[in-house]
Amino acid sequence: MKINEACLGNPSSFILDKEEKLRPDISRMKRNDELEAAGILFWELASPHKQKLYNFILKSLNYSEFADDVFQETVLRALKYFKSFKKEKNFTTWLYTIAHNEIKRHYKENKKRTLISDMDRLKGTRVNNSQELAEEVYRYAEQLKPKQREVFFLFYYSGFTISEISRIVGLKAGNIKFILNQARSSIKKLIGE
Amino acid sequence: MTDKQNIDDKITKLVQSLESEIPAPVEEKLRAKTVTIRPVYKIRVKRRPLFIGILTSAAVILAVFLFLFPVLQKRREPQIAEIRTEFELRDKNIKIIFIQRSDFNLFKEDR
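Residues numbered from 1 in each chain as written. Chains lettered and ligands numbered in written order. Predicted model: local features only at pLDDT ≥ 70, side-chain atom pairs only at ≥ 80, totals over all residues.

Draft legend 1. Just the overall build of chain A, in detail. Across its full length, chain A holds eight helices and three strands. For chain A, the N- to C-terminal ordering of α and β elements is α-β-β-α-α-α-β-α-α-α-α. Taking all 193 residues of chain A together, the buried fraction comes to 29%. When contacts within chain A are restricted to residue pairs at least 6 apart in sequence, long-range pairs at least 24 apart make up 59% of them. (Helix = DSSP H or I, 4+ residues; strand = E, 2+ residues; numbered from the N terminus. Buried ≥ 20, exposed ≤ 12 C-beta atoms within 10 Å, placed from the backbone. Contact = placed C-beta atoms within 7 Å.)

Here it is in structure tokens:
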């Protein structure tokens with residue numbers, strides 16, 4: 001029988017049998033294996049989205065210093081409750097829903113404190129396009145309400161469909177379309193289209 | 001391509017043009033924290049439907065109101081509708097009754 005390495009290092013994974021001999025606790029091993037497998041599967045699924053998720057949180061929080069903490073909390077919470085994730089559901093949507101909840105929690109906890117956006121952090125980012133126009137767009141996003149900003153970046157940055165955004169943010173499709181239409185017409189003027 | 005799609009593509013390009021790398025300290029912190037985390041099932045607390053709460057509170061308020069209304073209501077002093085004064089002259093077999101009513105104004109002249 002192959003003994004799980006995680007169990008070998010853990011004295012509590014051994015039990016005394018009837019002859020008072022130490023033998024590995026199989027039930028515990030199975031549980032450890034299961035947990036380990038869940039962790040591995042989580043990282044397999046989450047790794048391709050990590051970068052995008054980090055940027056989404058960063059943008060949704062206006063490049064605030066708290067973005068790193070919110071990102072960490074999102075990933076940790078997702079890992080912790082990964083077993084509750086239903087396989088028939090979309091993992092990306094599930095992960096972003098957790099991110100949305102964490103952003104919401106952040107705003108709730110820091111209601112009294114004004115969120116200081118750090119748009120200077122934009123300068124340290126990779127720029128592939130005309131920076132001035134991009135900064136105009138980000139400045140527009142900065143003025144939006146938190147939920148509207150999330151919708152904006154979920155659509156334009158993360159590439160979710162309206163129905164997926166509706167599931168993540170919990171808004172009706174009509175409201176999302178309204179937010180996006182407003183953004184469209186405002187940015188159209190900003191970039192001189 | 002429609003105008004809407006065109007502007008959407010432009011905004012998408014502009015928004016996606018700015019991309020940040022996850023800072024190394026954040027990655028390290030995350031890695032260190034994930035070691036201690038064990039996946040668990042999220043226990044969902046079943047919330048009572050909202051209308052049950054509303055109905056219960058409405059019933060409680062109504063019951064309190066019905067109970068307290070008679071208790072707190074001020075007792076009204078009984079109003080005297082009329083004063084009767086009776087005299088009886090037995091020897092002449094006469095009975096005189098004065099009836100004093102609230103609508104009878106003693107000091108008001110009749111018009």
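Draft legend 2. The interface of chain A and chain B, seen in detail. The interface is formed by 37 residues belonging to chain A together with 26 residues belonging to chain B. Listing elements by their share of the side of chain A that touches chain B, those giving two or more residues are α2 (26–60), α3 (67–80), β3 (126–127), α5 (131–143), α6 (146–156) and α8 (173–190) of chain A. Its residues assigned to classes, the side of chain A that touches chain B shows 21 nonpolar, eight polar and eight charged. (Nonpolar A, V, L, I, M, F, W, Y, C, P; charged D, E, K, R; others polar.)

Draft legend 3. View of unusual backbone geometry. Phi is positive for A:Asn62, which is not a glycine, with a value near 55 degrees. Residue placement: A:Asn62 occurs in the loop between α2 and α3. In this model, B:Asn93 sits at a positive phi of 55 degrees, which is unusual for a non-glycine residue. Along the chain, B:Asn93 falls in the loop between β2 (82–89) and β3 (94–101). Judged by C-beta crowding, with 7 C-beta atoms within 10 Å, B:Asn93 ranks as exposed.

Draft legend 4. Highlighting helix α3 (residues 50–72) of chain B. With 23 residues, α3(B) extends 32 Å from end C-alpha to end C-alpha; this agrees with the ideal 33 Å at 1.5 Å per step. Counted residue by residue, α3(B) has zero buried out of 23 residues, so it is predominantly exposed. (Expected span 1.5 Å × (residues − 1).)

Draft legend 5. Summary view of the confidence of the model for chain A. Residues and elements named next belong to chain A. For chain A, per-residue confidence averages 78 on the pLDDT scale, and 72% of positions sit at 70 or higher. Mean pLDDT across the elements of chain A ranges from a minimum in helix α1 (residues 5–8), with 40, to a maximum in helix α7 (residues 162–169), with 94. Note that residues 1–16 has pLDDT below 50 and, in this model, 23 contacts with residues that lie over four places away or in other chains. (pLDDT = per-residue confidence, 0-100.)

Draft legend 6. Representation of the pairing of β3(B). Residue and element names in this part refer to chain B. The element β3 is largely exposed, with a buried count of zero among its eight residues. As defined by bridge partners, β2 adjoins β3 across eight bridges and the pair is classed as antiparallel. Residue pairing for β3: Phe87 is matched across the bridge by Ile96. What sits between the antiparallel neighbours β2 and β3 is a turn of four residues, in which Asn93 has the positive phi angle 55 degrees. (Pairing = 2+ DSSP bridges.)

Draft legend 7. Region of the structure containing the nonpolar core. Counting residues in hydrophobic clusters, the biggest one holds 45 residues, and the most contacted among them are A:Ile57 and A:Val151. Elements with a minimum of two residues in this core: α2, α3, α4 (91–109), α5, α6, α7 and α8 of chain A together with α1 (3–17) of chain B. For A:Val151, the residues in contact, after removing those within four places along its chain, are A:Ile165, A:Val169, A:Leu171, A:Ile176, A:Ile179 and A:Leu180. (Core = buried A, V, L, I, M, F, W, Y, C linked by C-beta atoms within 7 Å.)

Draft legend 8. Quick look at the confidence of the model for chain B. Scored by pLDDT, chain B comes out at a mean of 83, with 88% of its residues at no less than 70. For this predicted complex, the interface score ipTM comes out at 0.71, while the overall pTM is 0.64.

Draft legend 9. Just the environment of A:Phe153, in detail. Tracing the backbone shows A:Phe153 in helix α6. C-alpha of A:Phe153 to C-alpha of A:Tyr138: the two residues are 15 residues apart in sequence and 10.0 Å apart in space. Those residues in contact with A:Phe153 that sit more than four places away from it in its chain are A:Phe56, A:Lys59, A:Ser60, A:Ser158 and B:Val15.

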